[in-house]
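Structural characterization, general
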Amino acid sequence: MSPPPLVYERYAKLVSRGAPDSVDFLNGQWQRDLVEPVIGDRPHYTNAGSGSTTLHIYYQADTATWHIASEVGAGLVFVAAASIAHHPNTVPRSAWMLAKLNAGAVSLEAWPDFEIVTEGPNTEEEPFLLEEIGVDFFLRVQLKTRKVIWFESPAGEVYHSAAKPGGAGGRAKPGKRYCHICHKCFSANNFQTQHLANLHRPTAPSDLTCVPDGAGGVHLWWKPPPPPPCGEPELAAFQLRFSIDGGVSWQVGIENTDSPEPCARVGNLSPGHAYLFMVAAINAAGMGDFSPPSPPLHHSPDGITTAVPSLNSILSSPHSSAVSSPHGSPPHGSPARGAPLPPSMVAGSPKGPTPRGSP
């Protein structure tokens, strides 16, 4: 006997909103395409909009990008998001970018008010399907406090996502959350603190190198941790910490680099201190362990003195394959933010996951 057909939609609906009036045809409700429900191993949605032109939400696998376009793989692309999320509902809101045509070239513009979300009854009797909210929902979406999601597992069992029983909705048993990497449900009580922390958070970076930039700052770069066997969760960013008391205490220099590139720059170091740095990788499961501290970097009123060779001598060395930028230029990255004095670092704009109240 053949297995029953896969159900893609049941009680929930996918909604886009927040597009400005000039492109308000991008707002509205979307349906799973019945002819080609999956493209690039991700859901494919369509929306007739206010006119006769059908729009598509689909995943372009070769560029790891979500598109809203007039045709699949062709036509006009109105919105794009660089994300390997498994569903439009699990793409970070900050990732959606408006595609604009300027002088014959396409540019991407941040669109902070635009979002694509799944809405539904969210009850034990009418739970979400993982096909409706995204199989990677519990990995990528950070729920607001007390927000409970009712969902049906691939095995047909209905669970809630709360850590403990009780509360509104008649939750008689402790909740569970689904891990699409392991293909099973785990206790909601320790999903973040044990399952994700032990199995899916990144390991520590290594080979942290610090080189003076000649302008009162320092370039840092490192070897990122190896990717997980399945490729997920992918690296999203890094956190950088520093110490001026020999590693007795540590302060946050860059909370979130907002980039997977393994490099950064810290500026405006305070004279008279010996700096140590360490770095940790961040992915959707959280932040991993920190690297071993860097060698001390001494900053004196006359400049920075350290045992590390100069940046120019390293970059010009034919044996310096470990010292490189992903774009073939000197290492760069987000400046530091929130570092207390005496170190006075350049202000930056760290970003992190935004809690959501509903899928």
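So, here is what we can say about the structure in this document.

Conventions adopted
By convention here, each chain's residues receive numbers from 1 onward along its written sequence. Since the coordinates come from a predicted model, pLDDT governs what is reported: local features require at least 70, and pairs of side-chain atoms require 80 or more to be given and counted, while whole-chain, interface and lining totals use all residues. The basis for every side-chain value is the complete set of heavy atoms in the structure, and neither hydrogens nor water enter the calculation. Cavities and pockets were defined on a 1 Å grid built from protein atoms only: a cavity is a group of points that admits a 1.4 Å probe but offers it no way out, a pocket is an open group of points flanked by protein on both sides within 12 Å along at least five of seven lines, and a lining residue is one with an atom within 4 Å of any such point. Grid points are joined across faces, edges and corners, and a volume is the space filled by probe spheres set on the points. Think of it this way: DSSP has to see at least two bridges between two strands before they count as a pair. Secondary structure elements follow DSSP: runs of H or I no shorter than four residues count as helices, runs of E no shorter than two count as strands, and numbering proceeds from the N terminus. Fitted lines through C-alpha atoms serve as axes, helices being fitted only where they are in contact, and the angles separating the N-to-C directions of these axes extend from 0 to 180 degrees. Here the aromatic set is Phe, Tyr and Trp, taking the six-membered ring for Trp, and pairing holds for ring centres within 6.5 Å; pairs whose planes are under 30 degrees apart are stacked, those over 60 apart are edge-to-face, and all others are tilted. Each residue is assigned to one of three classes by its accessible area relative to the maximum for its type, calculated with a 1.4 Å probe on protein chains only: buried under 20%, partly exposed between the two thresholds, exposed over 50%. Should any heavy atoms of two residues lie within 4.5 Å, those residues are considered in contact.

Moving on, we get to empty space enclosed by the protein. With the rule as written, the count across this model stands at two cavities of 30 Å³ or more. If you trace the largest cavity, you find it lined by E9, A12, K13, L14, Y45, T118 and E132.

Within the open sheet, the three strands sit side by side as β17-β18-β21. Their pairing is antiparallel. The open sheet has two free edges, formed respectively by β17 (206-212) and β21 (263-266), since each of these has just one partner strand. On average, each strand axis in the sheet is inclined to that of its neighbour by 20°, with strand direction left out of account. Pairing of β17 with strand β18 (residues 218-223), which is carried by five bridges, proceeds in the antiparallel orientation. Among the inter-strand pairings, S206 is bridged to a residue of β18, identified as K223.

Turning our eyes to something else, we now look at unusual backbone geometry. Cis geometry is found at the peptide bond from E232 to P233, where omega equals -5°. One non-glycine residue, D258, lies in positive phi territory at about 60°. Counting through the fold element by element, D258 comes out in the loop between β20 (251-254) and β21. Of note, the phi angle at N268 is positive, near 55°, even though the residue is not glycine.

The strand order across the open sheet formed by three strands is β12-β13-β14, and the pairing between neighbours is mixed. The outermost strands of the open sheet, each flanked by one partner alone, are β12 (128-129) and β14 (158-160). Judged from the two bridges that link them, β12 and strand β13 (residues 150-152) form a sheet pairing that is parallel. Each residue of the ladder has a partner; that of L129, found in β13, is E152.

Once that is clear, we can look at the packing of aromatic side chains. Under the criterion given, the structure shown has 10 aromatic pairs. Their ring planes at 75° and their centres at 5.2 Å tell us that F25 and F78 sit as a pair that is edge-to-face. Here F25 is found in the loop between β1 (13-17) and β2 (28-32), whereas its partner F78 is found in strand β8 (residues 74-82), with 53 residues between them in sequence. In this structure F78 comes out as buried when scored by relative accessible area, which is 19%. Centroid distance F242 to Y275: 6.1 Å. Interplanar angle 45°. Geometry classified as tilted. Taken together, the residues span a long stretch of sequence, with F242 in strand β19 (residues 235-243) and Y275 in strand β22 (residues 273-283) at a distance of 33 residues. Assigned by exposure class, F242 and Y275 land together as buried. An aromatic cluster is defined as three or more aromatic residues linked by ring pairs; in this entry it consists of F137, F138, F151 and Y159.

Let us look at the layout of surface pockets. Taken as a whole, the second largest pocket encloses approximately 690 Å³ of empty space. Surrounding the second largest pocket, 27 residues form its lining, L6, L130, E131, V135 and P154 being those nearest its centre. At the level of secondary structure, the elements contributing two or more residues to the lining of the second largest pocket comprise β4 (42-43) and α1 (130-133).

Okay, the environment of D113 next. Tracing the backbone through its elements, the reader meets D113 in the loop between β10 (105-110) and β11 (115-119). Distance in space between the C-alpha atoms of D113 and R93 is 8.4 Å, their sequence separation being 20 residues. For D113, the contacting residues outside a window of four places in its chain are R17, G18 and R93.

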